[in-house]
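Chain by chain, the residues run as shown.
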Amino acid sequence: MADAVPPLLRVEDLRVSFGLAEGTVRAVDGVDFEVPPAEVLGVVGESGCGKSVTIRAILRLVSRPGRMDGGSILFRKADGSVIDLATLPARGALMRAMRGAEIALIPQEPMASFSPVHTVGAQIAEAIRLHDPSVGRAAARDITIGLFRDVGISMPERRVDAYSWQLSGGLRQRAMIAMALSCRPRLLIADEPTTAIDVTTQAQILALLRQLQHRHRTAIVFITHDLGVIARMASRVVVMYLGRVVEQGPVDAIFHNPLHPYTRALLRSIPSLAGAVRTKLPVIAGALPHPFNRPSGCAFHPRCPDAMAKCARAVPALEDQGGGQRTACFLYDRAAGR
Ligand code: SF4
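Presented here is a report on the structure given in the accompanying data block. Throughout, residues of each chain are indexed from 1 in the direction in which the sequence is written. Owing to the predicted nature of the model, reporting of local features is limited to residues with pLDDT of at least 70; listing and counting of side-chain atom pairs is limited to 80 or more, with chain, interface and lining totals taken over all residues. Side-chain metrics rest on all non-hydrogen atoms present in the structure, leaving aside hydrogens and water.

**Here we look at the sheet that holds strand β10 (residues 244–250)**
Here comes step 1: The strand order β6-β7-β8-β3-β9-β10-β12-β11 describes an open sheet built from eight strands, whose pairing is mixed. The open sheet is flanked by β6 (103–106) and β11 (319–322), the only strands paired with a single partner. Strand after strand, the sheet turns through a mean of 20° between neighbouring axes, direction not considered.
Here comes step 2: Strands pair, by our definition, only if DSSP identifies at least two bridges between them. Counting from the N terminus, the helices are the DSSP runs of H or I reaching at least four residues and the strands are the DSSP runs of E reaching at least two. As defined by bridge partners, strand β3 (residues 40–44) adjoins strand β8 (residues 219–224) across five bridges and the pair is classed as parallel. Looking at β8, one finds that V40 is bridged to I220. Axis lines are fitted to C-alpha atoms, over the contacting stretch for helices. Their N-to-C directions set the angle, which ranges from 0 to 180 degrees.

**Considering the nonpolar core**
Buried together is how nonpolar side chains tend to be arranged in soluble globular proteins.
Here comes step 1: Core analysis: the biggest nonpolar cluster contains 60 residues, and I124, F148, V151, I177, F222, I230 and Y262 have the highest contact counts within it.
Here comes step 2: Broken down by element, the residue count for this core peaks at eight residues, all from helix α7 (residues 169–181).
Here comes step 3: An automatic or database domain assignment provides the domain bounds reported here. Split by domain, the residues of this core number at least three in each of domain 1 (112–184) and domain 2 (253–271 + 282–335).
Here comes step 4: Contacts between residues were defined by any pair of non-hydrogen atoms, one from each residue, lying within 4.5 Å. Among residues more than four places away in sequence, those in contact with F222 are V40, L41, G42, V43, A190, P193, L206, L209, V229, I230 and M233. Here, the term nonpolar core denotes a set of buried Ala, Val, Leu, Ile, Met, Phe, Trp, Tyr and Cys residues that are joined through side-chain atoms within 4.5 Å. Each residue is placed in one exposure class: buried if its accessible area under a 1.4 Å probe, protein chains only, is under 20% of its type's maximum, exposed if it is over 50%, and partly exposed if it falls in between.

**Considering unusual backbone geometry**
Here comes step 1: Cis geometry is adopted by the peptide bond preceding P65, which originates at R64 and carries an omega value of 10°.
Here comes step 2: Mapped onto the elements of the fold, P65 is located in the loop between α1 (51–58) and β4 (66–76).
Here comes step 3: For R60, which is not a glycine, the phi torsion comes out positive at approximately 55°.
Here comes step 4: Tracing the chain through its elements places R60 in the loop between α1 and β4.

**Details of the sheet that holds strand β2 (residues 23–35)**
Hydrogen bonds between backbone atoms are what pair the strands of a sheet, whose relative direction is either parallel or antiparallel.
Here comes step 1: Ordered in space as β2-β1-β4-β5, the four strands form an open sheet in which the pairing is antiparallel. Either end of the sheet is taken by a strand with one partner, and the two such strands are β2 and β5 (82–84). Neighbour-to-neighbour, the strand axes of the sheet open up by a mean angle of 10°, direction not taken into account.
Here comes step 2: Where strand β1 (residues 9–20) and β2 come together, ten bridges link them in antiparallel fashion. If you follow R10 over to β2, its bridge partner there is E34.
Here comes step 3: Each of β1, β2 and β4 touches α1; the most contacted strand, β1, lies at about 110° to it.

**Considerations on helix α5 (residues 137–150)**
Here comes step 1: Expected helix span is computed as 1.5 Å times (number of residues minus one). If you check α5, its first and last C-alpha atoms are 20 Å apart, about what 14 residues at 1.5 Å a residue would give, namely 20 Å.
Here comes step 2: Turning to α5, its buried residues number three or more, namely A140, T144, I145, L147 and F148. Within α5, the buried residues cover an arc of 160° as seen down the axis, which keeps them to one side. Exposed and facing more than 90 degrees away from the buried side of α5 are A138 and D142.
Here comes step 3: Its buried side turned inward, α5 meets α4 (120–131), α6 (156–159) and α7. Summarising the geometry, the arc corresponds to the directions from the helix axis toward the C-beta atoms.

Here it is, written out as structure tokens:
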């Protein structure tokens, strides 16, 4: 990759499988990507493509029957040193410290993340004090009120004492973003953060995340099945299909010159990128195969309009196409002289 600035996060050959009674599912199967500092990387694909498992693996939150089979998760700390999160005990003190302080998650449904029996303000203040015990209770409350103001929650002095079930979906998601920002992480992972809220609020939350990203220079990995969201939010995009990266690169390059047939199909499913209407994936021929029945060779071949005989036999590697764009497809197989 041509970027001169070292990446904040580099994921290399990440593999995660789930051992189930019916067999083993390779949910993430050799995923590579980088997140430059202060940039937004969009990860897109249909449900079941492995994007959520990938971020759970980065946060070391894959639980049984899932297991990490290999790969590196190289995170560059503020002092410039690089730590491989894949080598840390998932429940150890170091990984717990990384979660929240360096890498924070904005989940899909904040209702499930806030406890209903404590006020949201108390939970955020507790997280602040957990990461920095020198902060007193009153100071933590003041910081929380400031964070509420930062994320556009009106009457923050009152709302800090609300329970999650007393807030609207949009306010809960703003409070969750305040929680994620509370320890000033350098990487935010947003897992379809606008799925559970109405369209108008979605647009406001996306605008807020953009604003915060500019203001705090926080890098964001943005997981979505919505390429319209990627167009608005991200500078780089990773397209996943059945646990593998099939294409990645700068958003402009991928949107103007999509090479992989799957990326092209995803883009055709968006009627208007300029439109405010959110469009769900996909209008692609055939269904996503069940993970137990992963097709041989290129996993997209049963649905691919350009499939050739070799596509069912061999797995295409992710090859450089120039301009930072990389594509895993035999149509661009340079070794074969095409
Ligand atoms: Fe289609 Fe073959 Fe390319 Fe896979 S490798 S996307 S099946 S042309």
